[in-house]
Amino acid sequence: MNTLKGLRIITNLHCNYKCTFCYQTGKQFKVLPFETLLDAVKPYGEKHFEYCTIMGGESTLLPNLPEYINMGSIYSKQVRLTTNGYLLSHYHLNRYKNAGLTGINVSVASLEKYEEVTQAAYPALNKHGIINQIRTCKKFFPDEVRVNIALIKENMGGEIKDLIHYFLCDMGVNVTICEDLLATYSLVNTPEKMG
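The shown structure was predicted, so the numbers you read here are calculated from the model rather than taken from an experiment. (Residues numbered from 1 in each chain as written. Predicted model: local features only at pLDDT ≥ 70, side-chain atom pairs only at ≥ 80, totals over all residues. Heavy atoms only, no water.)

**Describing the sheet that holds strand β2 (residues 51–55)**
For the record, the criterion: The criterion for strand pairing is that DSSP finds at least two bridges linking the strands in question. For the purposes of this entry, the term helix denotes a DSSP run of H or I that reaches at least four residues, the term strand denotes a run of E that reaches at least two, and both are numbered from the N terminus. Angles here are taken between N-to-C directions and fall from 0 to 180 degrees, while the axes themselves are lines fitted to C-alpha atoms, restricted in helices to the stretch in contact.
Taking strand neighbours across the sheet as the criterion, the 6 strands line up as β1-β2-β3-β4-β5-β6 in an open arrangement whose pairing is parallel. Here the strands that pair on one side only, and so sit at the sheet edges, are β1 (6–10) and β6 (174–178). Each adjacent strand pair in this sheet contributes to an overall mean axis angle of 20 degrees, direction not counted. Across 4 bridges, strand β4 (residues 103–107) lies against strand β5 (residues 145–150) in parallel orientation.

**Looking at unusual backbone geometry**
Positive phi, close to 55 degrees, is recorded for Lys47, a residue that is not glycine. Along the chain, Lys47 falls in the loop between α1 (34–41) and β2.

**As for the packing of α1 against helix α2 (residues 65–75)**
The line we're drawing: Roughly parallel refers to an angle under 35 degrees, roughly antiparallel to one over 145, roughly perpendicular to one between 65 and 115, and oblique to any angle outside these ranges. Contacts are assigned to residue pairs that have any heavy atoms within 4.5 Å of one another. For this scheme, ten residues count as nonpolar: Ala, Val, Leu, Ile, Met, Phe, Trp, Tyr, Cys and Pro. Four count as charged, namely Asp, Glu, Lys and Arg, and the remainder, Gly too, count as polar.
One can describe the packing of α1 onto α2 by two numbers: an axis separation of 11 Å at closest approach and a directional angle of 5 degrees. Between α1 and α2, the angle falls in the class roughly parallel. Within the contact between the two elements, α1 uses Phe34, Leu37, Leu38 and Val41 and α2 uses Glu67, Tyr68, Met71 and Tyr75. Grouping the amino acids of the contact of α1 with α2 by side-chain chemistry returns 7 nonpolar, no polar and 1 charged.

**Thoughts on the pattern of salt bridges**
Formally: The rule for a salt bridge is simple: a side-chain nitrogen of Lys or Arg has to be within 4 Å of a carboxyl oxygen of Asp or Glu.
Scanning the entire structure with this criterion turns up 3 salt bridges. Two residues, Lys42 and Asp39, come together in a salt bridge whose shortest N-O distance is 3.6 Å.

**Focus: the packing of α2 against helix α3 (residues 90–99)**
This is how the line gets drawn: Handedness of a crossing is defined here by the sense of rotation of the near helix relative to the far one, left-handed for an anticlockwise turn of less than a right angle and right-handed for a clockwise turn.
Close contact between α2 and α3 brings their axes to 8 Å; oriented N to C, the two are set at 30 degrees. Comparing the axis directions of α2 and α3 gives the class roughly parallel. Read as a crossing pair, α2 and α3 show a hand that is right-handed. Residues Leu65, Pro66, Ile69, Asn70 and Ser73 of α2 form the contact with α3, whose participating residues are Arg95, Tyr96 and Ala99. Residue classes in the contact of α2 with α3 are distributed as 5 nonpolar, 2 polar and 1 charged.

**Side note on the side chain of Asn12**
Note the following rule: To sort residues, take the accessible area from a 1.4 Å probe on protein chains only and compare it with the maximum for the residue type: under 20% means buried, over 50% means exposed, and anything in between is partly exposed. Throughout this description, a polar contact denotes any pair of N or O atoms lying within 3.5 Å of each other; where both atoms belong to protein, one of them has to be capable of donating a hydrogen while the other can accept it, and for residues adjacent in sequence the pair is counted only when both atoms sit in side chains.
Tracing the chain through its elements places Asn12 in the loop between β1 and α1. The buried category is assigned to Asn12, whose relative accessible area is 2%. Within polar-contact distance, the side chain of Asn12 engages the backbone oxygen of His14 at 3.0 Å. At a separation of 3.2 Å, a polar atom in the side chain of Asn12 contacts the main-chain carbonyl oxygen of Glu58. Not counting residues within four places of it along the chain, the set of residues in contact with Asn12 comprises Lys30, Val31, Met55, Gly56, Gly57, Glu58, Ser59 and Leu62.

**Observations concerning the pairing of β2**
Test applied: Handedness of a crossover is defined as follows: orient the strands so they point away from the viewer, and if the path from the first strand over the helix to the second runs clockwise, the crossover is right-handed.
By the criterion of burial, β2 is predominantly enclosed, with 4 of the 5 residues buried. Two elements, β1 and β2, share 5 bridges in a ladder whose sense is parallel. Residue pairing in the sheet places Arg8 in a bridge with Thr53 of β2. Read as a crossover between parallel neighbours, the route from β1 over α1 to β2 is right-handed. Examined bridge by bridge, β2 and strand β3 (residues 79–83) share 3 bridges and lie parallel to one another. Bridging across to β3, Thr53 finds its partner in Arg80. Assessed by its sense of winding, the connection that carries the chain from β2 through α2 to β3 is right-handed.

**Notes on α3**
Formally: As used here, the arc is the angular range of directions from the helix axis to the C-beta atoms.
All of the buried residues in α3 are Leu93, Tyr96 and Ala99. Buried residues of α3, seen end-on, are gathered within an arc of 125 degrees and therefore sit on one face of the element. The outward face of α3, more than 90 degrees from its buried face, is lined by the exposed residues Tyr91 and Asn98. Buried positions along α3 lie against α2, β3, β4 and α5 (127–140). One or two steps after α3, the chain reaches Gly100, where phi turns positive at roughly 120 degrees.

Written out as structure tokens, the structure is:
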């Protein structure tokens, strides 16, 4: 039997941020029942998938997130969590790592306009706060921290080059550039903006 490359677990739809770039406009309180996930992965053997990505909404809002991580680790060789980073702490990262998490993706579309872009439902981190959260992640996953940068009007006006340089060179984390399906903002078409 062929090995499927990846498993994506969307744990929930609700989020504590209202990011201007988010593809998910409705943030209803809907949670993937754990039993539904179990039924979906049962047909596959242990470590069947190369990787598992866990995401929401904002998955860290779920008190039982370690259960989803553990399920991902049973059926996948690697498990990554995609998060806005707000609720990460030593306590939670330790729980997630013990459940089988092997890496973390933190979404940061802008540092200069962080609060404007995230539009948090309650006081958001500022740019220094999210940088500290990423540093904390590096303590738990030294080589497996990635920053996802969505291309948006707020960063394509000139910040994108600085963002890429800062995360790659100054913080030493991997970067994934995320274009929308319509390539509204594109670095493929304007590579000079990357530096």
